[in-house]
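Fold and contact review
Residue-level listing of the chains:
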Amino acid sequence: MARNVLFIMCDQLRWDYLSCTGHPHLATPHIDALAARGVLFDRAYVQSPICGPSRMSFYTGRYVSSHGSTWNNIPLKVGEMTLGDHLRPLGVRTALCGKTHMTADVEGMRRLGLAPDGEIGALVSECGFEPWEREDGLHPDGPRYPRNAAYDAFMKERGWPDPNPWDSVANSAEDGDGNLLSGWFMDHADKPARAADEESETPWITGRAMEFIDEAGDGPWCLHLSYIKPHWPYIVPAPFHDMYGPETHLLPVRDEAERADPHPVYGAFMEERVSRAFCDDGTRTRVLTAYMGLIKQIDDQIGRLMAHLDARGLADETMIVFTSDHGDYLGDHWMGEKELFHDASARIPLIVVDPTEAADATRGLRSDALVEAIDLAPTFLRFFGGEPAPHILEGHALQPILHGAADAVRAVAVSEYDYSMRDVRRRLGVDVADAKLTMLFDGRWKYVFAEGFRPMLFDLETDPREFADLGADPAHADEVARLERIFFDWARRTAQRTTRSDAWIAARDTRLGEAKAGILIGYRNEAELREVLADGARDGAGEGT
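Everything quoted here is computed from the prediction, not taken from an experiment.

Its 31 residues place the ends of helix 12 (residues 281-311) 45 Å apart at the C-alpha level, agreeing with the 45 Å of an ideal helix rising 1.5 Å per residue. Within helix 12, 22 of the 31 residues are buried, which leaves the element mostly enclosed by the surrounding structure. The backbone nitrogen of G282 has a side-chain oxygen 3.2 Å away, supplied by the residue at the start of helix 12, namely D280. Where helix 12 ends, the next residue or the one after it, G313, has phi of about 70°, a positive value.

Another point: empty space enclosed by the protein. The final tally for this structure, using the stated rule, is five cavities of 30 Å³ or more. Of the pockets and cavities examined, the largest cavity occupies roughly 50 Å³. Lining the largest cavity, in full, are L340, F341, H342, K446, V448, M456 and F458. As a volume, the second largest cavity reaches approximately 40 Å³. Every residue lining the second largest cavity is listed: D11, K99, D136, G137, L138, W166, I228, K229, H231, W232 and P233. Each residue belonging to the lining of the second largest cavity can be placed in one class, and the counts come to five nonpolar, two polar and four charged.

For any pair of aromatic rings, the description consists of the separation of the ring centres together with the inter-plane angle of the planes. Applying the stated criterion to the full structure yields 20 aromatic pairs. Seen in terms of ring centroids, F487 and W490 are 6.2 Å apart; in terms of plane orientation they differ by 20°. Their pairing is stacked. Here W490 and F487 lie together in helix 17 (residues 477-491), a separation of three residues that amounts to about one turn. Across the pair, exposure class does not vary: F487 and W490 are buried alike. By way of ring pairs, the aromatic residues Y17, Y234, F278 and Y291 are connected into one cluster. Lying over the aromatic face of W334, R259 brings its terminal NZ or CZ to 3.6 Å of the ring centre. Across the ring face of F441, the terminal group of K446 is positioned such that the distance to the ring centre comes to 5.7 Å.

About the thresholds
- Residues numbered from 1 in each chain as written.
- Predicted model: local features only at pLDDT ≥ 70, side-chain atom pairs only at ≥ 80, totals over all residues.
- Heavy atoms only, no water.
- Helix = DSSP H or I, 4+ residues; strand = E, 2+ residues; numbered from the N terminus.
- Expected span 1.5 Å × (residues − 1).
- Buried < 20%, exposed > 50% of the residue type's maximum accessible area, 1.4 Å probe, protein only.
- Polar contact = N/O pair within 3.5 Å; in protein donor to acceptor, adjacent residues only side chain to side chain.
- 1 Å grid on protein atoms, 1.4 Å probe; cavity = no way out; pocket = protein on both sides within 12 Å on 5 of 7 lines; lining within 4 Å.
- Points joined across faces, edges and corners; volume = space filled by probe spheres on them.
- Nonpolar A, V, L, I, M, F, W, Y, C, P; charged D, E, K, R; others polar.
- Phe/Tyr/Trp six-rings, centres within 6.5 Å; stacked < 30°, edge-to-face > 60°.
- Lys NZ or Arg CZ within 6 Å of the ring centre and 35° of its normal.

The structure is reproduced here in C-alpha cells:
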C-alpha cells in the first residue's frame, strides 16, 4: 500500500478559533472530524511567530537560529535540507499547492551555478517542493509582488478582466455606486468581497490540490496544501461575510495592568499602528466578522477535500495534518498581528491523522504534550520509512504519541523572534545584532529571553491569560535562573554539523582509522604502531563472534 501525506497549513489561524479547540460560536465540523480521527495536539508551538521563519522551520525541521531565515524575505540559504530533500530519495513526490513565503537565496544559487528555472534550481527556490501551484497572496500592484498567472487566468475565464483580480476582486468590496473598497483597509472587513465564494482563494487552491491528487494517483506523495487565509486582507465573500456577528465574538483578552509598566519590547509593540487599530472596538468587530467567516470557508473546503480523498479511496493510506504557521492577536494583550509569544500568537492548532493500525488506540485523543512545528518533518520521514536524521532534523517524530507509546517527546518548547527588521528596534535604540527574543515554555512557566533587557516570565498555571509579567519580581528570581540555565543548554546544542551524524562519529574508531590511513600522530616507534593494529584486529575478531 502506497503511503501519502496531505500537509494542510492555514496562515494566521489561532489555535482557539476552531470548535474542536473550544470556540463556543465558530462551528468547524470538518476540521473537528479530523480531530476525531486522529490526535489533536493542544500545546503546539511555532519556532517563530511570523510567517517566513516559522515556515522555514516547518520545512527544514530546524530551529530558526539553525536555518538562519530569521524574518520574512531573509532567504533560506542554499544547502539547507528541506522536506523534499528528505522525502524525494524515498520515491515520494513532494509538491506545493499554495503559500510558502519562501525567498530564494539568489546569490547563493548564482555562486553555485544553479539556474532558477533548472530542475535543481526550481526545487531550491521553492523550499524543496515541486511547485504544483505557488500562490502566496500578498499581491498588490508592483514589481516586488509577482502575481499568480494561473489565478489571473482563472478569474479572466470567470469574466473578471481586472489586471489584478486578487486585489480588486478577491480582496475588495464594492459600494452601491460601483466604487472599489479595498480589503487592505480594515473598515471594509465586514463587507462581502466582490468575488463569489468559488472564485476566491481558498476554494480555488483547494480545487488545484484536488487536481494534484488526481494526477498523482496512488503515490507515494506529500502534498503541502498551504492556504493564504485567514491572513489579512481581512475580507471574505458572501455568504461568509456576515455569518458571525458581534454576538459571536469573544471579548479581547487584555487587562489595563498590562499597559501600566510593560516590558520595554512588549510596550514598543503595543505602540505599533496595527496594535492601536485593534484596540478600537469598531475595527476589531469588523475584522472578527471577516476572520471567523474566512475560517468557516476553510472548514467547508476541508469537507470538500476530504470527500475527494474518500472518493479516490485514499483516506486510509494518507496521513493528514492540519495546522497553522502562527496565530493572530486580534486585539488580545493590546496587540495586533503576531510576533510576540503570548498563546494568541505562538500557539497553533495541530491535528495529525495517522492512518496506520498502530494509531487506532489514540483516535480522538486530545494530547497536552508539548510539541513544536519542527516535529512534523521527522514524523513524515518516519511515516515513509526513512532513516532518522537527528543531526539535521532537530524535531522529534510524533509517532510515540500517535501510537500510544509515550505521553511526551520533549520537556520544553522553544520559539525565536528577530525584530531587527521592525521599527520597534529603532525606537528602542537596539542594534540589529541584539534585536533577538527567545521563548521557552515548559508547560507551566513561559520565559522570554530579551537580549539587552530583563527577561519576561509568565506562570500559566496561576495566570493562564498571561497578564502578569513576573520577570522583574525578585520572588521569582530562582525560576528565572532555572529557565535561563535551560536556555543556555539549548543554545549550546550542536546545530550546524549536518554532514555527519553523532552515530557515525561514535561508530568510528578514530585511533585505528588514523593508523590504517598512515596518519601517525604520537607514535614513538613502529613497534607501538604494530601493537595498536594488532589490538584493533583482535577487537574486530571479538565483535564478530
